[in-house]
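A closer look at the structure
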Amino acid sequence: MKWSLNELRQAGSEPIMVNEELDLTSALKKRRPEIISASKVAVQGLFSVDKLGVLGYFKVQVELTLPSTRSLEPTVLPLSFEVTEHYVSYHEHDLSGFEDTDVMIVLDKDILDFDRVIEDNILLQIPMQVLTKAEQQAQSKQMPSGQDWRVVSESQLEQLRKRKDEKTLDPRLAKLADFFGENQED
């Protein structure tokens, strides 16, 4: 689905409601080849015109099948998220009305490609680490290890760093440690 910015602005004070099921599997696979499959994308939301441009608010739900980042086993990843974006014309030069936290999309040729917007946001939601349920449960247990190496979780790594910092004595204070030791012998 594509809309021109003028079409969206003509709606006036009435929001344009969106309730769609999109099949974006091939487009998502093309942009991220490791995606094995994707369910139809359920999108509910609206476009409304405000003084800054066109505001889009959507709730998106989809299930992606990706390889586990640890074992490469196919893993179903359910995604459910909300998107709030402002769409402005590429002719617009004064963007001072937006907050630093506002997501603002400058439209190329003032055309809003809705499928592309949803694709972009789905790809942004894919986490760096995708694990099967068994791997998630095993993650709290013993991690793989070998001769002179082992895998540690981020929390374990942080604990190891704290212990190392506690044991490490600042070299500038090393002589003071000896000083107190000598005074205690007297």
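Residues numbered from 1 in each chain as written. Predicted model: local features only at pLDDT ≥ 70, side-chain atom pairs only at ≥ 80, totals over all residues. Heavy atoms only, no water.

The name given to the protein chain in an unreviewed UniProt entry is DUF177 domain-containing protein, and the organism recorded there is Ligilactobacillus agilis.

It is worth spelling out the nonpolar core at this point. As a rule of thumb, soluble globular proteins bury nonpolar side chains together. Judged by nonpolar contacts, the single largest core of 32 residues is most densely connected at Phe-47 and Ile-122. Of all the secondary-structure elements, those providing two or more residues to this core are helix H1 (5-9), strand E2 (16-22), strand E4 (41-50), strand E5 (53-67), strand E6 (74-89) and helix H3 (114-125). Looking at which element gives the most residues to this core, the answer is E5, with six residues. (Core = buried A, V, L, I, M, F, W, Y, C linked by side-chain atoms within 4.5 Å. Buried < 20%, exposed > 50% of the residue type's maximum accessible area, 1.4 Å probe, protein only. Helix = DSSP H or I, 4+ residues; strand = E, 2+ residues; numbered from the N terminus.)

This part takes up the packing of aromatic side chains. If you walk through the whole model with that rule in mind, you get four aromatic pairs. With 6.0 Å between their ring centres and 70° between their planes, Phe-47 and Phe-114 make a pair best called edge-to-face. Placement of Phe-47 in strand E4 and of Phe-114 in helix H3 is noted, with a sequence separation of 67 residues between them. Here Phe-47 falls in the buried class, since its relative accessible area comes to 2%. Measuring from ring centre to ring centre gives 5.1 Å for Phe-58 and Phe-114, while their planes differ by 65°; the resulting arrangement is edge-to-face. Taken together, the residues span a long stretch of sequence, with Phe-58 in strand E5 and Phe-114 in helix H3 at a distance of 56 residues. (Phe/Tyr/Trp six-rings, centres within 6.5 Å; stacked < 30°, edge-to-face > 60°.)

Moving on, we get to the pattern of salt bridges. With the rule as written, the count across this model stands at four salt bridges. Between Arg-31 and Glu-119 there is a salt bridge, with its nearest N and O atoms 3.1 Å apart. Of this pair, Arg-31 sits in helix H2 (residues 25-31) while Glu-119 is found in helix H3, placing the two residues 88 residues apart along the sequence. Judged by its relative accessible area of 33%, Arg-31 falls in the partly exposed class. Given the relative accessible area of 7%, Glu-119 is considered buried. Linking Asp-120 and Arg-116 is a salt bridge whose minimum nitrogen-to-oxygen distance equals 3.8 Å. Separated by four residues within a single helix, Asp-120 and Arg-116 lie in helix H3, roughly one turn from each other. (Salt bridge = Lys/Arg side-chain N within 4 Å of Asp/Glu carboxyl O.)

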